[in-house]
Amino acid sequence: KDLNIVVDAGSPKKLPYVPTEEEIAKYYSAVWKSRNMQHVVLIKTLLYTGVRVTELIHIKLTDIDFDRCQIRINQGKGKKDRIVPFPNSFREILAIHVDNSKSKKQEYLFESTWKKQYTDRGVRKILAKYTQEAGIEHSISPHKLRHFLFTWMKKQGVDDALIQPYSGHDSR
């Protein structure tokens, strides 16, 4: 029997823009040419782990496990703790960065020269600078790097169950 219920589906959801592999290569080239190793490590951390910008700025040096190639994310989105893996190939450059940070008595993975942890806005400004230098039309935000990682993993045939620890989303 017809219940005369009308459901408004709203406007269709638009998928977020995901940078192409060519754009990421061009972007990373601009970062590399800067020779700012802190920025290189920052971009690689976003790109290899898929962490959110607010999670990135709260990573402490003690949250990194080099033996297991993992970073502990404390109180991520939804106040959830999780472990994110990083590739073995990233271990060496990350270890050098951490050693340099420890020698400067830093607490956080990314701190300014004034011993203050980076801010969300500061990270976004860094990324915007390299988007401009690379001559890329679409801005490369931390979240777009996150989407790029998950899309790339999916294209490589990685199972959703293996992508889930990177995303921090509940399994479907």
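Residues numbered from 1 in each chain as written. Predicted model: local features only at pLDDT ≥ 70, side-chain atom pairs only at ≥ 80, totals over all residues. Heavy atoms only, no water.

A. Quick look at the overall build of the protein chain. For the protein chain, the helix and strand inventory stands at seven helices and three strands. The order of helices and strands in the protein chain, counted from the N terminus, is α-α-α-β-β-β-α-α-α-α. Residue burial in the protein chain is summarised as follows: out of 172 residues, 40% are buried. A sequence separation of at least 24 residues applies to 60% of the contacts in the protein chain between residues at least 6 apart. For the protein chain, the computed accessible surface area is about 11,000 Å², with 53% contributed by carbon and sulfur atoms. (Helix = DSSP H or I, 4+ residues; strand = E, 2+ residues; numbered from the N terminus. Buried < 20%, exposed > 50% of the residue type's maximum accessible area, 1.4 Å probe, protein only. Contact = heavy atoms within 4.5 Å. Areas by Shrake-Rupley, 256 points an atom, 1.4 Å probe, with all protein chains shown as cover.)

B. Summary view of the pattern of salt bridges. As enumerated under the stated definition, the model contains six salt bridges in all. A salt bridge links Arg-72 to Asp-81, with the shortest nitrogen-to-oxygen separation between them at 3.2 Å. What you see here is one network of salt bridges that share partners, running through Arg-52, Glu-55 and Arg-82. (Salt bridge = Lys/Arg side-chain N within 4 Å of Asp/Glu carboxyl O.)

C. A look at helix α4 (residues 91-103). The first and last C-alpha atoms of α4 sit 18 Å apart over 13 residues, in line with the 18 Å expected at 1.5 Å per residue. Among all positions in α4, only Leu-94, His-97, Val-98 and Ser-101 are buried. Looking down the long axis of α4, one finds its buried residues gathered within 100 degrees of arc, a one-sided arrangement. Facing away from the buried surface of α4 by more than 90 degrees, the exposed residues are Glu-92, Asp-99 and Ser-103. If you follow the buried residues of α4, they end up packed against α2 (37-49) and β1 (64-65). Just beyond α4, the residue with positive phi is Lys-105, at close to 60 degrees. (Expected span 1.5 Å × (residues − 1). Arc of directions from axis to C-beta.)

D. Looking closely at unusual backbone geometry. Notably, Arg-35 is not glycine yet its phi reads approximately 60 degrees, a positive angle. Among the secondary structure elements, Arg-35 is positioned in the loop between α1 (21-34) and α2. A positive phi is found at Cys-69, a non-glycine position, where the angle reads about 55 degrees. Positionally, Cys-69 belongs in the loop between β1 and β2 (70-73).

E. Here's a closer look at the packing of α1 against helix α5 (residues 120-134). Following both chains from N to C, one finds α1 and α5 inclined at 105 degrees, their axes separated by 8 Å at the closest point. Comparing the axis directions of α1 and α5 gives the class roughly perpendicular. Facing α1, whose interface residues are Lys-26, Tyr-27, Ala-30, Val-31 and Ser-34, α5 presents Leu-127, Tyr-130, Thr-131, Glu-133 and Ala-134. (Axes fitted to C-alpha atoms, helices over the stretch in contact; angles between N-to-C directions. Parallel < 35°, antiparallel > 145°, perpendicular 65-115°, else oblique.)

F. A look at the sheet that holds β2. Spatial ordering of the open sheet is given by β1-β2-β3, a layout of three strands whose pairing is antiparallel. Only two strands of the sheet have a single partner each, and these edge strands are β1 and β3 (82-85). Of the strand pairs in this sheet, β2 and β3 are connected by four bridges, and their pairing is antiparallel. Across the sheet, Ile-71 pairs through a bridge with Val-84, a residue of β3. (Pairing = 2+ DSSP bridges.)

G. Region of interest: the pairing of β2. The alternating pattern of β2 places Ile-71 and Ile-73 on a buried face, while none of Gln-70 and Arg-72, on the opposite face, is buried. Looking at chain direction, β1 and β2 are connected through two bridges and run antiparallel. Paired with Ile-64 across the strands is Ile-71, a residue of β2.

H. Broad picture of the nonpolar core. Core analysis: the largest hydrophobic core is formed by 37 residues, its most contacted members being Leu-42, Val-123 and Leu-127. Those elements that provide at least two residues to this core are α1, α2, α3 (53-56), β2, α4, α5 and α6 (142-155). Broken down by element, the residue count for this core peaks at six residues, all from α2. Ignoring sequence-local partners within four residues, the contact set of Leu-127 consists of Tyr-27, Leu-42, Ile-43, Leu-46, Ile-140, Ser-141, Pro-142 and Leu-145. (Core = buried A, V, L, I, M, F, W, Y, C linked by side-chain atoms within 4.5 Å.)

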